[in-house]
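# A closer look at the structure
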Amino acid sequence: MDKFETLTGVAAPLPMINVDTDMIIPKQFLKTIKRTGLGKSLFFEMRYDEAGKEIPDFVLNRPAYRNAKVLVAGENFGCGSSREHAPWSILDFGIRCVIAPGFADIFYNNCFKNGILPIKLPQETCDKLMKAAENGANATFTVDLAAQEITTPDGEKVAFDVDPFRKHCLLNGLDDIGLTLVKKTKIDTYETARKTAQPWV
Amino acid sequence: MTTAPRTLFDKIWESHLVDRQEDGTCLIYIDRHMVHEVTSPQAFEGLAMAGRKVHRPEQTLAVADHNVPTTDRSKGIADPESRTQVETLEANGKAFGIRVFSMDDMRQGVVHIVGPEQGFTLPGMTIVCGDSHTATHGAFGSLAFGIGTSEVEHVLATQTLVQAPAKNMLVRIDGKLPKGATAKDIVLKIIGTLGTAGGTGYVIEYAGEAIRNLSMEGRMTVCNMTIEAGARAGLIAPDETTFAYVKGRPMGPKDADFDKAVAYWKTLHTDPGAHFDATVVIDAATIVPQVTWGTSPEDVVEITGRVPDPKDARDEAKAKAMQRSLEYMGLTAGQPMEDVAIDRVFIGSCTNGRIEDLRAAASIAKGRTVAATVKAMVVPGSGLVKQQAEAEGLDKIFTAAGFEWREPGCSMCLAMNADKLSPGERCASTSNRNFEGRQGRGGRTHLVSPEIAAASAITGRLTDARKFQD
């Protein structure tokens, strides 16, 4: 996993609530056995018409947002399935930070496993950031994870919360499995005790 | 020493703690892991690349369900990508020593139907799968939730997960259900009440007389859609109904082990006075058959009701979402739900693909005929459900009425195989999600119980099944 330290880029506004994982990446793209190459299919049904042509109005098709690195969205972003293809497609497009008033639990968790920072902020703050994002290519945001701070295009600083352990892993690009395997003795001890107490498990 | 009263969730959580870091992050032990072909290939690839093994292969069970055809399987899978995924699962099973129920195995089916059926799912366990509907298994009083592929890899490698504890929510359904209301109606009503993000950050425990009175099948239907209310896991305390279901299952405990297990399972309930961070009480008497009108599972209305008006939305964002839903669904505010004509009916899925669901649908279909304008299909949740249904003659009832009788799998719940809606087609579906494009691009989904799905197939319109019941 790539480290996440600071990120500077254009933020794309997606003012919709309940953006679900089927919208982020529809099922036909879940047939891959790879993690990569999903960026072109991100938001497929909103982004392309039935003939496969770009829908010019969709935010990521507008010239200003084609290289967006941040996404600002409405409440309950990422609801629905557990498919990690959702964060994979976001990452592959080039977006590494999603800002919303709320996220679905599984999606939120999946982001951290892939070097994407999901930031939860109050509705009013998100509304302000959404407005700033609507300014397009001139609206560059900077997200500083160490300082837990977003700098908006007009220089305003917005503080955000993040779980300290997740922050640590993201800042250092740490591999979860490697960290857990250090605790192997504890896992073995647990298994031994359980075998005695609950032999049916 | 007395311990503070604990919730069922607290008890399961604490009994699975391997380690707690100073910052509160926990390492929890995972008893059972199920994998299917869609969310596992990248996890196995990750293991192989790092040269890691599966820590406890016997605690993982693999079954292909999302991509499998529901028509004749003797010729294999036509779609090359789907075929590759299913073959990859089989190959990974072999390479890593994991049991796989292959497509031609009688036990194959939707993973969340297979686990309970085999006794792989047991009370008090932690159960995960790279699939959000893992919540289903909470019906047994096990902590079961969906995970992403990175976590699938983590479980394979370590049999644990790094997690922060969830908050506790109690959803109590007091009293008895009115005639004609089902488990599906209970859960749709709950989602409509909580909203699709209402359960975010929580584990929901379902309790109350109406929940207690449900069969295991009904409890699974309720727990299954917990994720549609935003909560990763739903729980129902195990009781005699649970023990009777589990007894004698092939992978469950036998003889003395079973008795020992039951003694332990009986301790798995919320203690009186335990703290819940949120409590929601619904009077069962208010639960009438439900149907969704929009593109979020929270968009529920009574089958006898009308399409709501965005003007009555709770806020501007919801009004905008409702407007978009109405346009997508091709509906008008104020239109009676029972006036809505349908093209397709899908009976099946991990929500409603169990034997009781098929019995319920068949009781409506019996002696009646599917409307000429409707194409209806029944997809059993597993090979064993199919076998049981055929032994009871349900397949004959369905085919005589004009329903298609298919092979088991996820099918048109998410349309990854060949079963999908065409743009603009409208479907009464017993599945769990009505998202835009879920059942096929441009497809329009109305989530309903098996009874309503069957009744709607007969009339060609969304129909209150109580009309067909004595």
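Worth saying up front: this structure is predicted, and the values here are computed from it rather than measured.

Okay, the sheet that holds strand β5 (residues 99–101) of chain B next. Residues and elements named next belong to chain B. In space, the five strands of this open sheet follow the order β5-β4-β3-β6-β7, with parallel pairing throughout. With partners counted over all chains shown, the strands left at the sheet margins are β5 and β7 (143–146), one partner each. Looking at each pair of strands side by side, their axes are set apart by 20 degrees on average, direction ignored. Relative to strand β4 (residues 60–63), strand β3 (residues 32–35) runs parallel, the two sharing three bridges. When the sheet's bridge partners are listed, Met34 is paired in β4 with Leu61. Contacting β3, β4 and β5, helix α3 (residues 80–96) crosses the sheet at an angle of about 150 degrees to β5.

On to the interface of chain A and chain B, then. A common way to report how large an interface is uses the accessible area buried once the components associate. Opposite the 59 residues of chain A that make contact, chain B presents 80 residues. Both faces considered, chain A and chain B share a buried interface measuring about 5,500 Å² in area, 54% of it formed by carbon and sulfur atoms. Applying the counting rule to chain A against chain B returns 10 salt bridges. Residue Lys186 of chain A is joined to Asp19 of chain B by a salt bridge in which the shortest nitrogen-to-oxygen separation is 2.7 Å. The interface formed by chain A and chain B includes 37 residue pairs in polar contact (both at pLDDT 80 or more). Within the residue set of the side of chain A that touches chain B, elements represented by two or more residues are α1 (21–24), α2 (44–47), α3 (85–93), α4 (105–112), α7 (176–181) and α8 (184–197) of chain A. For the side of chain A that touches chain B, the leading source of residues is α8 of chain A, giving nine residues. Here the side of chain A that touches chain B is composed, by residue class, of 22 nonpolar, 14 polar and 23 charged.

With that out of the way, let us pick up helix α11 (residues 316–329) of chain B. All names here are of chain B. The end-to-end C-alpha distance of α11, which contains 14 residues, comes to 20 Å, matching closely the 20 Å that a straight helix rising 1.5 Å per residue would cover. Lys318, Met322, Ser325, Leu326, Tyr328 and Met329 are the residues of α11 that are buried. Looking straight down α11, one finds that the buried residues subtend no more than 160 degrees of arc, so they occupy a single side. Seen from the open side of α11, the exposed residues pointing more than 90 degrees away from its buried face are Glu316 and Glu327. Those residues of α11 that are buried are in contact with β18 (426–429) and β19 (444–447). Structurally, the start of α11 carries an N-cap: the backbone nitrogen of Ala317 is 3.2 Å from a side-chain oxygen of Asp315.

Here is what the cut-offs are and how they apply
- Residues numbered from 1 in each chain as written.
- Chains lettered and ligands numbered in written order.
- Predicted model: local features only at pLDDT ≥ 70, side-chain atom pairs only at ≥ 80, totals over all residues.
- Heavy atoms only, no water.
- Pairing = 2+ DSSP bridges.
- Helix = DSSP H or I, 4+ residues; strand = E, 2+ residues; numbered from the N terminus.
- Axes fitted to C-alpha atoms, helices over the stretch in contact; angles between N-to-C directions.
- Contact = heavy atoms within 4.5 Å.
- Buried area = accessible area lost by both parts, 1.4 Å probe.
- Salt bridge = Lys/Arg side-chain N within 4 Å of Asp/Glu carboxyl O.
- Polar contact = N/O pair within 3.5 Å; in protein donor to acceptor, adjacent residues only side chain to side chain.
- Nonpolar A, V, L, I, M, F, W, Y, C, P; charged D, E, K, R; others polar.
- Expected span 1.5 Å × (residues − 1).
- Buried < 20%, exposed > 50% of the residue type's maximum accessible area, 1.4 Å probe, protein only.
- Arc of directions from axis to C-beta.

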